[in-house]
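Working through the structure, step by step
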Amino acid sequence: MDLTKELDYEDNYFDAIVCAGTFTCGHVGPEVLKEMVRVTKERGYICFTVRKQEWEASPYMQIINDLELSELWYKLVHDTAEYNVKEDVSCQLCLYQVN
């Protein structure tokens, strides 16, 4: 599955999406969050992590805020968490519910 393109699922298809280890440097950017919202059912959940370097380099907060301002989802959890202890790398741990 190529997350950089439109997902081949109908609107409101999934009850929840969990995405861990995908939002890292050189992989998938924050634009896919809009597509994840599209394919998640109303009151469904989207949980994802974003590695610290990617969070700082890409417009995650802008897209997340745009989705909140558009009332497409709302924040349940957004914290900094350990990601790779051996490398001393953290991530953003995010859980949102789709409106």
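Read on for an overview of the structure. (Residues numbered from 1 in each chain as written. Predicted model: local features only at pLDDT ≥ 70, side-chain atom pairs only at ≥ 80, totals over all residues. Heavy atoms only, no water.)

A look at the side chain of Gln97
The line we're drawing: Note on conventions: DSSP H or I runs of at least 4 residues are helices, E runs of at least 2 residues are strands, and numbering of each starts at the N terminus. For every residue, the accessible area obtained with a 1.4 Å probe (protein chains only) is divided by the maximum for its type, and the residue is called buried under 20%, exposed over 50%, and partly exposed between those limits. Here a polar contact means two N or O atoms within 3.5 Å. Within protein one must be a hydrogen donor candidate and the other an acceptor candidate, and residues neighboring in sequence count only if both atoms are side-chain atoms.
On the secondary structure map, Gln97 appears in strand S4 (residues 89-98). We classify Gln97 as buried; its relative accessible area is 7%. Polar side-chain contacts of Gln97 include one of 2.4 Å to the side chain of Tyr74.

Structural notes on unusual backbone geometry
If you check the backbone angles, Arg43 has positive phi at about 70 degrees while not being a glycine. The residue Arg43 is located in strand S2 (residues 40-51) in this model.

Some details on the state of the cysteines
Short version of the rule: Counting rule for disulfides: a pair of cysteine sulfur atoms within 2.5 Å.
Tallied over the full model, the rule gives zero disulfides. You can see Cys91 has no disulfide; the closest cysteine sulfur is in Cys94, sitting 8.2 Å from it. On the accessibility criterion, Cys91 (3% relative accessible area) is buried.

What about the environment of Val50?
For clarity, the cut-off: Residue contacts are defined here by distance: any two heavy atoms, one from each residue, within 4.5 Å place the two residues in contact.
Turning to its location among the elements, Val50 is positioned in strand S2. Separated by 29 residues in the primary sequence, Val50 and Gly21 place their C-alpha atoms 7.4 Å from one another. For Val50, the residues in contact, after removing those within four places along its chain, are Phe23, Trp55, Tyr60, Cys91 and Gln92.

Some details on the pattern of salt bridges
The following threshold applies: Here, a salt bridge means any side-chain nitrogen of Lys or Arg that lies within 4 Å of a carboxyl oxygen of Asp or Glu.
The full count for this structure, using the stated rule, is four salt bridges. Across the pair Asp15 and Lys41 runs a salt bridge, and its minimum N-O distance is 3.1 Å. Here Asp15 is found in strand S1 (residues 14-23), whereas its partner Lys41 is found in strand S2, with 26 residues between them in sequence. With relative accessibility at 53%, the residue Asp15 sits in the exposed group. The salt bridge partner of Glu35 is Arg38, with a shortest N-O separation of 2.5 Å. Note that Glu35 and Arg38 are positioned in helix H1 (residues 32-39) at a spacing of three residues, about one turn of the helix. One salt-bridge network, in which partners are shared between bridges, spans Asp11, Glu35 and Arg38.

Geometric values such as these leave the question of function open.
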